[in-house]
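# Descriptive structure summary
Each chain, letter by letter, is given below.
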Amino acid sequence: MAATPKIYIKGVYSLPLSLDPVQMNDTASLVAGNLLYDGLLRFSPTLKIEGALAEDWSTSADGRAITFKLRSGAKFHDGSPVTAEDVVASLSRALSAESNVRKLYDCIQGIKAIDPRTVVIQLTHPFPPFLSVLAGATAKILPKKGLTAKNFFEKPIGSGPFKFISRETAPFRRLVLEAFSEYYQGRPKLDRLVLQETSEAQALELAANDQIHDLANWTLTGEESVFLKGQKITGPVASTWIIGLNTKIPPFNSKKLRQSFRQAVDVEGFRKKFFADAIPSFGYVPPGLPGHLSSGVPVEIKSETSKSKIKIVIPDGLQRHQEMKTFLESNLRSKGWNVEVVAMPWDKLMEGYVGKAHQAFLVSMNMDYPDAEFLLQNFQSTNSDNFSGLKDAKIDGLLSEARTTQDRKKRQELYRSALELVNDAAVTVNLFHPRANIWASKCVVNLQPNILSDVYIDYAQVSLADNCPSVSVGAR
């Protein structure tokens, strides 16, 4: 008698907006990307850089050339071997004009395949965080021959632990993945992994009714009643919840008004009401990274307000988004600000974020690699992902210098100087640094949180207990 397939349902606040790694700038897409694709390197749960498709690598004495040796047994989902030419084609795409992440890779001068298993990446200058960039969620290797197909990303082929089966839009919005039996690290313990889109409130209901296996995609307080019947897995998260301000849309084209608006937001009141166990935020950079501020001295500025209508958009998938709307409107209107908070679906919020169309927006700024440079480059004038539209020659200069500085202490000093300018520019209202309070079914085994968010949870190592009741893929 055949064993019952182990089908795992992971709740997500949104299905991926793109399955193309170089187009990914939202967490929902990165979650799927790390399941489907592998890069040369990867992060361990403790953020140690490990080999993935590369079994070995070395850096030249001047720090400008990195040589990678590929694993001999690594394969794509179609059975073809992973070669150096695939690496060249994939990483070259990250540098193309169409790439949303090219700023992460612009230190690359050239990529060359020496033989089928050896590739050399030449840098324009030594860049200490570059190995972390390659371990991140956008540095994925795809088959060169597939990238020429017009509709490749409708049913993509990767070399990750799970392969694409289908993307369902009705009656449920799901991405269905299947274990890759020839995965170089060994076949995953789950037979199928289903990413199911749901709101936070619906996800909590599904969890209470044993119709979902984890809620790692949401920032939970840990006090939700669902934790009474499941596992509570905790850990730090390297992220910051912010209200981002767009300098291109009045009245936030005025620094004085941005500073005054930031001062008006009851940040501590918001944290205590909605995420009381979160770490107070005194700056943009999360704990454990250069430039993080563990305390702060309040700077009182002359209060100014604007009669202009200010619209703050927030994700409607948050369970308490209506309460957040009431809190923010009440708080800011009482101080003379004409504020309206609008909840919208995540895909629409991200569409406006990318298009710089939102006046103000509530998001969680997660990290793709553990270096303050990843967050700070969001404020570089030439970065297409500069959500604030900020242009500051001094910030640009400091970040450019930091990218070419190998001395760790000097780099940290440059980061701190840049952060002081970003803080003075007041383009973010920093709300809090969250903690991971992951709910998982009691049946789930070996789910280990990662400080870089659930994007980096190694689901190839997650399994379900033998006595775990099956969850119908049709369950909602």
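An account of the accompanying structure is given in this report. Computed from a prediction, not measured in an experiment: that's the story for all the values here. (Residues numbered from 1 in each chain as written. Predicted model: local features only at pLDDT ≥ 70, side-chain atom pairs only at ≥ 80, totals over all residues. Heavy atoms only, no water.)

## Quick look at unusual backbone geometry
Negative phi values dominate among residues other than glycine, just as trans dominates among peptide bonds. Geometrically, the link from Pro-250 to Pro-251 is a cis peptide bond, its omega value of 5° lying close to zero. Relative to the assigned elements, Pro-251 resides in the loop between β12 (240-245) and α6 (255-264). The phi torsion at Ser-453 lies on the positive side, around 90°, for a residue other than glycine. Tracing the backbone shows Ser-453 in the loop between β19 (444-445) and β20 (463-464). (Helix = DSSP H or I, 4+ residues; strand = E, 2+ residues; numbered from the N terminus.)

## What to know about the nonpolar core
Considering soluble globular proteins, one finds that nonpolar side chains tend to be buried as a cluster. Counting 127 residues, the largest nonpolar core has Ile-121, Phe-130 and Tyr-459 as its most contacted members. When sequence neighbours within four positions are dropped, the list of residues in contact with Ile-121 reads Leu-40, Arg-64, Ala-65, Ile-66, Phe-68, Leu-91, Ile-108, Gly-110, Ile-111, Phe-130 and Leu-134. If you look at the next biggest cluster of nonpolar residues, it comprises 29 residues, including Leu-257, Val-265, Trp-337 and Val-339. (Core = buried A, V, L, I, M, F, W, Y, C linked by side-chain atoms within 4.5 Å. Buried < 20%, exposed > 50% of the residue type's maximum accessible area, 1.4 Å probe, protein only. Contact = heavy atoms within 4.5 Å.)

## What to know about the sheet that holds strand β17 (residues 428-433)
Sheet strands line up and pair through hydrogen bonds in the backbone, either parallel or antiparallel. The strand order across the open sheet formed by six strands is β13-β17-β12-β16-β14-β15, and the pairing between neighbours is mixed. Of all strands in the sheet, those bounded by a partner on one side alone are β13 (279-280) and β15 (339-344). Examined bridge by bridge, β12 and β17 share four bridges and lie antiparallel to one another. Looking at β17, one finds that Ile-242 is bridged to Asn-430. Most of the contacts of α6 go to β17, to which it runs at about 30°, and overall it touches β12, β14 (310-315), β15 and β17. Lying over the sheet, helix α7 (residues 267-274) contacts β13, β16 (360-365) and β17, oriented at roughly 35° with respect to β17. (Pairing = 2+ DSSP bridges. Axes fitted to C-alpha atoms, helices over the stretch in contact; angles between N-to-C directions.)

## Some details on the environment of Ile-279
Relative to the assigned elements, Ile-279 resides in strand β13. Along the backbone, Ile-279 and Thr-240 are 39 residues apart, and their C-alpha atoms lie at a distance of 9.5 Å. Not counting the four nearest positions on each side in its chain, Ile-279 is found in contact with Arg-271, Pro-287, Phe-432, His-433 and Arg-435.

## Describing the pattern of salt bridges
Taken as a whole and judged by the stated rule, the model has 26 salt bridges. Linking Lys-145 and Asp-78 is a salt bridge whose minimum nitrogen-to-oxygen distance equals 3.7 Å. With Lys-145 in the loop between α4 (130-135) and β8 (162-168) and Asp-78 in the loop between β5 (65-70) and α2 (84-94), this residue pair connects regions lying 67 residues apart in the sequence. Owing to a relative accessible area of 39%, Asp-78 belongs among the partly exposed residues under this scheme. Here the residues in one salt-bridge network are Lys-103, Asp-106, Glu-373 and Arg-403, joined through shared partners. (Salt bridge = Lys/Arg side-chain N within 4 Å of Asp/Glu carboxyl O.)

## Quick look at helix α5 (residues 200-208)
Of the positions making up α5, those classed as buried are Glu-200, Ala-203, Leu-204, Leu-206 and Ala-207. Here the buried residues of α5 occupy an arc of 160° about the axis, which is enough to place them on one side. In the core, the buried residues of α5 are packed alongside β10 (192-197) and β18 (435-440). Asp-210, located one to two residues past α5, shows a positive phi value of around 55°. (Arc of directions from axis to C-beta.)

## Some words on the packing of helix α11 (residues 393-403) against helix α12 (residues 408-425)
Between α11 and α12, whose axes approach to 9 Å, the crossing angle comes to 160°. Comparing the axis directions of α11 and α12 gives the class roughly antiparallel. As for the relative orientation of α11 and α12, their crossing is left-handed in sense. Facing α11, whose interface residues are Lys-394, Ile-395, Leu-398, Leu-399, Glu-401 and Ala-402, α12 presents Lys-410, Arg-411, Leu-414, Tyr-415, Ser-417, Ala-418, Leu-421 and Val-422. For the contact of α11 with α12, the per-class residue count stands at nine nonpolar, one polar and four charged. (Parallel < 35°, antiparallel > 145°, perpendicular 65-115°, else oblique. Left-handed = near helix turned anticlockwise from the far one by under 90°. Nonpolar A, V, L, I, M, F, W, Y, C, P; charged D, E, K, R; others polar.)

## Thoughts on the sheet that holds β8
Pairing within the open sheet is mixed, and its four strands lie in the order β1-β10-β9-β8. Every other strand in the sheet has two partners, leaving β1 (7-12) and β8 as the edge strands with one partner each. Geometrically, the sheet is characterised by an average inter-axis angle of 20° between neighbouring strands, direction not taken into account. Bridge count between strand β9 (residues 174-179) and β10: five bridges; the pairing is antiparallel. Each bridged residue has a counterpart across the sheet, and for Val-176 the counterpart in β10 is Val-194.

## Structural notes on the packing of aromatic side chains
Applying the stated criterion to the full structure yields 19 aromatic pairs. Geometrically, the ring pair formed by Tyr-8 and Tyr-459 is edge-to-face, given 5.8 Å between the ring centres and 65° between the ring planes. Here Tyr-8, found in strand β1, pairs with Tyr-459, found in the loop between β19 and β20; they are 451 residues apart in sequence, far enough to count as distant. Overall, Tyr-8 belongs to the buried group, its relative accessible area being 0%. Both rings, one in Phe-152 and one in Phe-153, keep their centres 4.9 Å apart while their planes meet at 85°; by these two values the pair is edge-to-face. Classification of Phe-152 by relative accessible area gives buried; the value is 7%. Members of the aromatic cluster, joined through ring pairs, are Tyr-284, Tyr-353, Phe-361, Phe-379 and Phe-387. (Phe/Tyr/Trp six-rings, centres within 6.5 Å; stacked < 30°, edge-to-face > 60°.)

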